[in-house]
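# Observations on the three-dimensional arrangement
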Amino acid sequence: AKNKKYPPGPPAKPIIGNILKVPGSGAWYTLTDWMKTYGDLIFLHGLGNKVLVVNNFDFINDLFEKRWNNYSDRPKFTVAGELMELERCASPLLPYGPEWREHRKLTHLAINTRTIQNYQVVQEDVAAILNSDLLRSPELFLQHLQLAAGRIVLLVTYGIFAEDIHNSYIVNAEESMKTLGKAMNPGAYLADLIPILKYLPSWVPFQKEVQEGKDKLRRHTELPYLHVKKMMSEGIAPLSFTKDLLSLGNTDPEFDYRGMWVASVMYGAGTETTFATSATFILAMALNPEVQKRAQVEIDTVVGTGRTPTIADASELPYTMAVIKETMRWHPPVPFSVPRRTTQDDIFNGYFIPKDTVVIPNLWAVSRSVENPEQFNPDRYLNKDMSNPIPDPSEWVFGMGRRMCPGRYLAQNSLKAIVTGILSAFDILPPENEFIVPKFKPTHISYPEPFKCRIRPRSQEKEQLIETRMLEVKFT
Ligand code: HEM
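In this text, all values refer to a predicted model and were calculated from it rather than measured experimentally.

Definitions and limits used
- What you see as residue numbers is a count from 1 along each chain, following the sequence as written.
- The predicted origin of the model limits local features to residues at a pLDDT of at least 70 and limits the giving and counting of side-chain atom pairs to 80 or more, whereas totals for whole chains, interfaces and linings rest on all residues.
- A run of DSSP states H or I qualifies as a helix once it reaches four residues; a run of E qualifies as a strand once it reaches two. Both are numbered from the N-terminal end.
- Each radius of gyration is computed over the set of C-alpha atoms, and the globule rule expresses the reference value as 2.2 Å times the number of residues to the power 0.38.
- Field definition: a residue is buried when 20 or more other C-beta atoms are found within 10 Å of its C-beta, exposed when 12 or fewer are, and partly exposed for counts in between, with C-beta atoms placed from the backbone.
- Nearness rests on one distance test: the residue's C-beta atom, set from the backbone, must lie within 6 Å of the molecule or strand.
- Under the convention adopted here, Pro, Cys and the residues Ala, Val, Leu, Ile, Met, Phe, Trp and Tyr are nonpolar, Asp, Glu, Lys and Arg are charged, and Gly plus all remaining residues are polar.
- Any two strands with at least two DSSP-identified bridges between them are counted as paired.
- Orientation is described by lines fitted to C-alpha atoms, with helices fitted over the stretch in contact, and by angles between N-to-C directions that extend from 0 to 180 degrees.
- Comment on the angle field: the value is read as roughly parallel under 35 degrees, roughly antiparallel over 145, roughly perpendicular from 65 to 115, and oblique elsewhere.
- The handedness criterion is simple: a crossing whose near helix is rotated anticlockwise from the far helix by less than a right angle is left-handed, and one whose near helix is rotated clockwise is right-handed.
- A residue pair is marked as a contact if its C-beta atoms, positioned from the backbone, fall within 7 Å.
- UniProt positions are given in the numbering used here, feature names are shortened, and annotations may be inferred rather than shown by experiment.
- Throughout, the arc means the angular range of directions from the helix axis out to the C-beta atoms.
- Scored between 0 and 100, pLDDT is the confidence that the predictor attaches to each residue.

### A look at the overall build of the protein chain
Helix and strand counts for the protein chain stand at 17 helices and 8 strands. Here the protein chain has a C-alpha radius of gyration of 23 Å; the compact-globule value for 476 residues is 23 Å, and the two agree. Taken along its principal axes, the extent of the C-alpha atoms in the protein chain is 70 × 55 × 40 Å. By residue count, 47% of the 476 residues in the protein chain fall in the buried class.

### Comments concerning the site of the ligand
What surrounds the ligand is a group of 29 residues, the closest being Ala 269, Gly 270, Gly 399, Cys 405 and Gly 407. Mapped onto the shell around the ligand, the elements with two or more residues apiece are α5 (98-110), α12 (253-287) and α16 (408-425). Sort the elements by how many residues they give to the shell around the ligand and α12 lands first, with 7 residues. Partitioning the shell around the ligand into residue classes produces 17 nonpolar, 10 polar and 2 charged.

### A closer look at the environment of Lys 474
Its location among the elements puts Lys 474 in the segment after α17 (460-471). For the pair Lys 474 and Val 121, spaced 353 residues apart in sequence, the C-alpha to C-alpha distance is 9.8 Å.

### Describing the pairing of strand β1 (residues 41-46)
When you tally the buried positions in β1, you get 6 out of 6 residues, the bulk of the element. Of the two faces of β1, both are covered, the one formed by Leu 41, Phe 43 and His 45 as well as the one formed by Ile 42, Leu 44 and Gly 46. Direction of pairing for β1 relative to strand β2 (residues 49-54): antiparallel, over a ladder of 6 bridges. Pairing of Leu 44 across the sheet is with Val 51, part of β2.

### Some points on the packing of α5 against α12
For the pair α5 and α12, interaxial distance at closest approach is 10 Å and the crossing angle is 60°. Relative to α12, α5 is oriented oblique. The chirality of how α5 crosses α12 is right-handed. Residues Glu 102, His 103, Leu 106 and Thr 107 of α5 pack against Arg 258, Gly 259 and Val 262 of α12. Across the contact of α5 with α12, the residue classes tally to 2 nonpolar, 3 polar and 2 charged.

### Notes on the pairing of strand β6 (residues 358-361)
Burial along β6 is two-sided: Val 358 and Ile 360 and Val 359 and Pro 361, pointing in opposite directions, are all buried. Here β2 runs beside β6; their pairing, made up of 4 bridges, is parallel. Bridge pairing links Val 51 to Val 358 in β6. The sheet contact formed by strand β3 (residues 340-341) and β6 spans 2 bridges and is antiparallel. From the neighbouring strand, Arg 340 faces β6, where its bridge partner is Val 359.

### Observations concerning the UniProt feature "binding site: heme" (unreviewed entry) in the protein chain
Taken from the UniProt record, the annotation "binding site: heme" (unreviewed entry) applies to Cys 405. Here Cys 405 falls in the buried class, since 20 other C-beta atoms lie within 10 Å of it. Among all residues touching Cys 405, those that are not within four sequence positions of it are Phe 398 and Gly 399.

### Looking at the sheet that holds β3
Pairing is mixed in the open sheet, where 4 strands are placed in the order β1-β2-β6-β3. Edge positions in the sheet fall to β1 and β3, since each has one partner strand and no second.

### Quick notes on helix α2 (residues 57-66)
Residues Phe 57, Ile 60, Leu 63 and Phe 64 constitute the buried set of α2. Along the axis of α2, the buried positions cluster into a sector of 140°, meaning they face one direction only. Facing away from the buried side of α2, by more than 90 degrees, are the exposed residues Asp 58 and Lys 66.

### Describing the packing of helix α13 (residues 289-303) against helix α14 (residues 318-330)
Two elements in contact, α13 and α14, have axes separated by 8 Å at closest approach and are oriented at 140°. Here α13 is positioned oblique relative to α14, judged by the angle of their axes. Where α13 approaches α14, its residues Val 291, Arg 294, Ala 295, Glu 298 and Ile 299 are matched on the opposing element by Tyr 319, Thr 320 and Val 323. The residue inventory of the contact of α13 with α14, partitioned by class, reads 5 nonpolar, 1 polar and 2 charged.

### Some points on the confidence of the model for the protein chain
A residue-level look at the protein chain finds 91% of positions with pLDDT of 70 or above and a mean pLDDT of 89. This model gives residues 14-24 a pLDDT under 50, and the stretch forms 32 contacts once residues within four places in sequence are excluded. With a pTM of 0.93, the predicted complex shows an ipTM of 0.99.

### Some remarks on unusual backbone geometry
Although it is not a glycine, Glu 85 adopts a positive phi angle of roughly 70°. Tracing the chain through its elements places Glu 85 in the loop between α4 (78-83) and α5. With phi around 50°, Ser 337 is a residue other than glycine that occupies positive phi space. The topology assignment puts Ser 337 in the loop between α14 and β3. Ser 337 gets classed as buried once you count the C-beta atoms within 10 Å, which come to 26.

As structure tokens, this is what we get:
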């Protein structure tokens, strides 16, 4: 491939290469900056690793949608994938192939546009509890948002209600996520860069971590699944995805293992991402009082002030829905999406893209490709300029193509319930005599660094409404 023309990029670095600088360190800022020098396609290489960063919406679409055949596989993670065995069982890491297809089918069965309607009440109830939590201890809002996101996923997946963050299912799941968060960060373990290290004996610290990680993941996966089985045998299992799965009566010996994993992956994929979006929303509201006011007026006008909004109201609330879109654009929760890997050599736009190249869709760059990107402006989705349309965030913040996020409809409903619920009941204000400087975590799923703000009920009637709505919640 000597005379092949690779996309432009910085020179290879001798030892670990420029790969290490890429993931998990907020590298989306750097790479978006590098566009000025290298353009929309940036090629990084070193130590035999090849990475292509794609910086614009149309190119990502060309590769992931039109050339899906070559761009739907995932990178190999030596630690998380191979050693912790997640490439055998966790949909986001499965190689593109028959097992992935089975997972995708089951996931779709669980959370397609029709079945998710069954969970709307659950989502609205969790939003109601969230409001009650915010009323009681507004200063803990980040913790409340995190718990609300976890509650929705646990209820939908298993029908389990988590009383608080000490709930054992939440604790197990969060422990697993910590392990995974580290293991998914290429470069966190040297073995990801130098695969031969995986043959080191089991007493070496990282091998021990692998074993502990595997145990945690097994607990996180088996316990809630067995809980649903038990509840079903007693005839008292509430509606849940796992119950639906078990009711299929599939006797394929692989089915239990597969179903168990399809279910447990949802917590990891669905909780932190939903939390990230709702925390970014609070931050945006504290910084943009006029946007907040307009959304509140819209909700008051359409819904009235005598009841809490429902997910069904959302279609009548275009401005508030544009606030959600703008939240996802302003700071996309997964700025680098989940990388892909090419399975064959390819030529794109005159450039050679070799087989086994890790392809990172730079969603951060897409988010900055609008006018005044730092400005939080929901109107950009309402006053549509037809000669220069901007892509709707729901078409890219969830990824694109065959592996686009299967949880996006469920996630969007959660956000509708949380955002309309909060706006209808509370004013979100910056802390007194302090400025908020927005800062975000540089992690794979990115959300605001802890910040202070005041969350106050809009009136006494609203406070009362929060209490009366709580009486309708069934599962507490
Ligand atoms: C705001 C919330 C969410 C965001 C921003 C988000 C974002 C993403 C992104 C960017 C991907 C990678 C897609 C690609 O490769 O093109 C993804 C994959 C995935 N998401 Fe989500 N997600 C969210 C919520 C959820 C929820 C609630 C669930 C399930 C309950 C979920 C389940 C999954 C799964 C299973 C995958 C892997 C798909 C595959 O590899 O085939 N996500 N998500």
